[in-house]
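Residue-level listing of the chains:
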Amino acid sequence: MLYLVVSQEKKKNLAPKIKEILKKHNMKGSLSVDNYSSLRLTLQSGSIDFGTDSINEYWYQDNFADNPEALAFLSEVIPAMNNGNHDNSDIMTDYFDVGWYINVNLGKYGKPYVYNA
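Everything numeric here is computed off the predicted structure, so don't read it as measured data.

A. Highlighting the pairing of strand β2 (residues 38-46). β2 sits mainly inside the fold: 7 of its 9 residues count as buried. Where strand β1 (residues 27-34) and β2 come together, 8 bridges link them in antiparallel fashion. Across the sheet, K28 pairs through a bridge with S45, a residue of β2. In this antiparallel pair of consecutive strands, β1 and β2, the connection spans 3 residues, and N35 shows a positive phi of 60 degrees. Where β2 lies against strand β3 (residues 101-106), 6 bridges are found, and the strand directions are parallel. In the sheet register, S38 faces β3, and the bridge partner there is Y101. As defined by bridge partners, β2 adjoins strand β4 (residues 114-115) across 2 bridges and the pair is classed as parallel. By the bridge assignment for β4, G46 is matched with Y115.

This is the structure in structure tokens:
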């Protein structure tokens, strides 16, 4: 059995780079650990119009190919969230082996993401 672990210490180590990227792109967000298995970035507001209500961390390059601002931001922040992670998964055999999962959320329940034009 595989155990996913993303600790508060790992979050603390990744946070400075992620905060730097948020600041660079004029974004506000918070970083949290969910159930010791996921590192979650909740975007609260910012200067990027994502034009959607969700972000797929695996297909963001395809989904935001027509949105250079969103693509530039996600192309920096997603690798930063995965720094030190591993992915030895083999979808063909239904075998999943990752250090932790990541989630990038636009707002949260009752508090949607605010686009500041």
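There's more to say after this.
B. Fine view of the environment of S7. Along the chain, S7 falls in the segment before α1 (8-24). The sequence separation of S7 and N35 amounts to 28 residues, and the corresponding C-alpha distance is 9.5 Å. Separated by 3.1 Å, the side chain of S7 and the backbone nitrogen of K10 make a polar contact.

C. Region of the structure containing unusual backbone geometry. At N26, a position not held by glycine, the phi torsion is positive, near 55 degrees. Along the chain, N26 falls in the loop between α1 and β1. Of the residues examined, N26 reaches a relative accessible area of 53% and is grouped as exposed. Phi at Y36 takes a positive value of approximately 60 degrees, unusual for a residue other than glycine. Taking relative accessible area as the criterion, Y36 reaches 59% and is therefore assigned exposed.

D. Inspection of the nonpolar core at higher detail. By size, the foremost hydrophobic cluster in this structure holds 28 residues, and its most contacted members are I18, L43, F50, F73 and L74. Elements with a contribution of two residues or more to this core: α1, β1, β2, α3 (68-81) and β3. For this core, the leading source of residues is α3, giving 7 residues. If near-sequence neighbours (up to four positions away) are discounted, L43 is found in contact with L22, M27, K28, G29, F50, I55, F73, V104, N105, L106, G107 and Y113.

E. Spatial organisation of a nonpolar patch on the surface. Together, Y58, W59, I91, F96 and Y101 give the surface a local cluster of nonpolar side chains, amounting to about 610 Å² of exposed area. Take Y58: it is sitting in the loop between β2 and α2 (60-63).

About the criteria used
- Residues numbered from 1 in each chain as written.
- Predicted model: local features only at pLDDT ≥ 70, side-chain atom pairs only at ≥ 80, totals over all residues.
- Heavy atoms only, no water.
- Buried < 20%, exposed > 50% of the residue type's maximum accessible area, 1.4 Å probe, protein only.
- Helix = DSSP H or I, 4+ residues; strand = E, 2+ residues; numbered from the N terminus.
- Pairing = 2+ DSSP bridges.
- Polar contact = N/O pair within 3.5 Å; in protein donor to acceptor, adjacent residues only side chain to side chain.
- Core = buried A, V, L, I, M, F, W, Y, C linked by side-chain atoms within 4.5 Å.
- Contact = heavy atoms within 4.5 Å.
- Patch = residues over 30% accessible without salt bridge, like charges linked within 9 Å, V, L, I, M, F, W, Y side chains within 5 Å.
- Areas by Shrake-Rupley, 256 points an atom, 1.4 Å probe, with all protein chains shown as cover.
- Salt bridge = Lys/Arg side-chain N within 4 Å of Asp/Glu carboxyl O.

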